[in-house]
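Coordinate inspection notes
Here is how the chains run, residue by residue.
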Amino acid sequence: DAGITQSPRYKITETGRQVTLMCHQTWSHSYMFWYRQDLGHGLRLIYYSAAADITDKGEVPDGYVVSRSKTENFPLTLESATRSQTSVYFCASGLARADTQYFGPGTRLTVL
Amino acid sequence: SQELEQSPQSLIVQEGKNLTINCTSSKTLYGLYWYKQKYGEGLIFLMMLQKGGEEKSHEKITAKLDEKKQQSSLHITASQPSHAGIYLCGADMRVYNNDMRFGAGTRLTVKP
């Protein structure tokens, strides 16, 4: 009964490489979200998904791709990583778009 | 700029002291959420407020939403080292495609 998990917890990659961050939830929540957390900006929404095969852009979607083939998984891909994408990434899930969200432990990504 | 302004940005208090964190918006807050983030970890949901004038308490933490629904406060009574962390407010402002927006956070240190 892990709730919501993210992997990897830490990742170092190089500019231009593709990176995929994984998110898995066991609550069967309809909605899933990806945020990035940066000093001075707080949490900013990258993408969200209302259900399997339904995704939409958030506040800062450029440079990211998401998919949701199964309700429980919501991977985030950086197709060609840039230094500006160095951040802590949080996955969250919830019953509605603007409602209580339950967060994963985060992935700290460093792009060299 | 942040749609949700949190103050103070950081706070250092002696154990046993009371403290208040504020979250302010120029827009109406239709749902106001308080989260706590321990260093290097994900966000933990604390409380949700929806009605103007609403107040909720859990253990030594009390959150209030003002009558105009544009400001919320989080008050901790008799602070303990376990209260240390980053407190974030998040809100549904019925703008930005109904996405949640978050404040930048308040970093609380409690000295024993």
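Going by the structure above, here's the rest.
Quick summary incoming for the structure in this document. Residue positions are given per chain, counted from 1 along the sequence in the order it is written. Written order decides the labels, with chains lettered from A and ligands numbered from 1. Local features are withheld for residues below a pLDDT of 70 in this predicted model, meaning they are given only at 70 or higher, and side-chain atom pairs are given and counted only at 80 or more; totals for whole chains, interfaces and linings count all residues. The side-chain values count all of the structure's non-hydrogen atoms but skip hydrogen atoms and water molecules.

**Some points on the overall build of chain A**
- Across its full length, chain A holds zero helices and 11 strands.
- Listing the helices and strands of chain A from first to last along the sequence gives β-β-β-β-β-β-β-β-β-β-β.
- Throughout, the radius of gyration refers to the C-alpha atoms, and the reference size of a globule is 2.2 Å times the residue count to the power 0.38. A globule of 112 residues ought to have a C-alpha radius of gyration of about 13 Å, and chain A, at 13 Å, matches this closely.
- Here, two residues are considered to be in contact whenever any of their heavy atoms come within 4.5 Å of each other. Nonlocal contacts in chain A, meaning residues at least 24 apart in sequence, comprise 55% of its contacts between residues at least 6 apart.
- In the structure as shown, chain A presents an accessible area of about 5400 Å², 48% of it carried by carbon and sulfur atoms.
- Only four residue types enter the tally: Lys and Arg on the positive side, Asp and Glu on the negative side, with His and both chain ends excluded. By convention, the charge on Lys lies at NZ, on Arg at CZ, on Asp at CG and on Glu at CD. Placing the 11 positive and 10 negative side-chain charges of chain A at their respective mean positions leaves the two points 6 Å apart. Think of it this way: any DSSP run of H or I at least four residues long counts as a helix, any run of E at least two long counts as a strand, and we number them from the N terminus. Per-residue accessibility takes into account occlusion by the displayed protein chains alone, with areas from the Shrake-Rupley method and a 1.4 Å probe.

**Comments concerning the overall build of chain B**
- For chain B, the count of helices and strands is zero helices and 11 strands.
- When the helices and strands of chain B are placed in sequence order, the string is β-β-β-β-β-β-β-β-β-β-β.
- Over its C-alpha atoms chain B spans a radius of gyration of 13 Å, differing by no more than 12% from the 13 Å that the globule rule assigns to 112 residues.
- Along the three orthogonal principal directions, the C-alpha set of chain B runs to about 45 × 30 × 20 Å.

**Some remarks on the interface of chain A and chain B**
- The interface of chain A with chain B comprises 20 residues on the first partner and 19 residues on the second.
- Here chain A and chain B share an interface that buries about 1600 Å² over both sides, 51% of which is from carbon and sulfur atoms.
- Each of two parts loses accessible area, computed with a 1.4 Å probe, when they are put together; buried area is these two losses added. Contact with chain B buries surface across chain A, with Leu43(A), Arg97(A) and Ala98(A) losing the most and accounting together for 28% of the total.
- One side-chain nitrogen of Lys or Arg within 4 Å of one carboxyl oxygen of Asp or Glu is enough to make a salt bridge. The tally of links between chain A and chain B comes to one salt bridge.
- Polar contacts, as used here, are pairs of N or O atoms within 3.5 Å; protein pairs need one atom able to donate a hydrogen and one able to accept it. Residues neighboring in sequence count only if both atoms are side-chain atoms. Seen at the junction of chain A and chain B, the total is two residue pairs in polar contact (both at pLDDT 80 or more).
- Only strand 4 (31–38), strand 5 (42–51) and strand 10 (101–103) of chain A provide two or more residues apiece to the side of chain A that touches chain B.
- When residues of the side of chain A that touches chain B are assigned to their parent elements, the largest contribution, four residues, is made by strand 5 of chain A.
- Put simply, Ala, Val, Leu, Ile, Met, Phe, Trp, Tyr, Cys and Pro go in the nonpolar bin, Asp, Glu, Lys and Arg in the charged bin, and everything else, Gly too, in the polar bin. In terms of residue class, the side of chain A that touches chain B is built from eight nonpolar, eight polar and four charged.

**Side note on the state of the cysteines**
Residue and element names in this part refer to chain A.
- When the sulfur atoms of two cysteines come within 2.5 Å, that pair is taken as a disulfide. Per the stated rule, a full pass over the model turns up two disulfides over all chains.
- Covalently, Cys 23 is tied to Cys 91 through a disulfide, its sulfur atoms 1.8 Å apart. Across the disulfide from Cys 23 to Cys 91, rotation about the S-S bond amounts to roughly -75 degrees, and the bridge is consequently left-handed. Separated by 68 residues along the polypeptide, Cys 23 in strand 3 (residues 19–25) and Cys 91 in strand 9 (residues 87–94) bring together distant segments of the chain.

**Considering the sheet that holds strand 8 (residues 71–76) of chain B**
Residues and elements named next belong to chain B.
- The strand order 1-3-8-7-6 describes an open sheet built from five strands, whose pairing is antiparallel. Two strands bound the open sheet, and with one partner strand each, they are strand 1 (4–7) and strand 6 (55–58). Direction aside, the axes of adjacent strands within the sheet are offset by 15 degrees on average.
- Only strands that DSSP links by at least two bridges are regarded as paired with each other. Where strand 3 (residues 19–25) meets strand 8, six bridges bridge the pair, whose relative direction is antiparallel. For helices, the axis comes from a line fit to the C-alpha atoms of the stretch in contact; other axes are also lines fit to C-alpha atoms, and the angle between any two N-to-C directions lies between 0 and 180 degrees.

**A closer look at the sheet that holds strand 8 (residues 76–78) of chain A**
All names here are of chain A.
- Pairing is antiparallel in the open sheet, where four strands are placed in the order 1-3-8-7. Edge positions in the sheet fall to strand 1 (4–7) and strand 7 (64–66), since each has one partner strand and no second. When the angles between neighbouring strand axes are averaged without regard to direction, this sheet yields 20 degrees.
- In the sheet, strand 3 pairs with strand 8 via three bridges, with the strands oriented antiparallel. From the neighbouring strand, Leu 21 faces strand 8, where its bridge partner is Leu 76.

**Here we look at the environment of Asp92(B)**
- Structurally, the position occupied by Asp92(B) is in strand 9 (residues 85–92).
- For the pair Asp92(B) and Leu32(B), spaced 60 residues apart in sequence, the C-alpha separation works out to 6.7 Å.

**Notes on the pairing of strand 11 (residues 106–111) of chain B**
Residue and element names in this part refer to chain B.
- Buried residues are those whose accessible area, probed at 1.4 Å on protein chains only, stays under 20% of the maximum for their type, while exposed residues exceed 50% and partly exposed ones sit between those limits. Every second residue of strand 11 is oriented toward a common face, the buried set being Thr 106, Leu 108 and Val 110 and the non-buried set Arg 107, Thr 109 and Lys 111.
- As judged from the five bridges shared by strand 2 (residues 10–14) and strand 11, these two strands associate in the parallel manner. Paired with Leu 11 across the bridge in strand 11 is Leu 108.
- In this sheet, strand 11 lies alongside strand 9 in antiparallel orientation, the contact comprising three bridges. Considered in strand 11, the bridge of Gly 85 is made with Leu 108.

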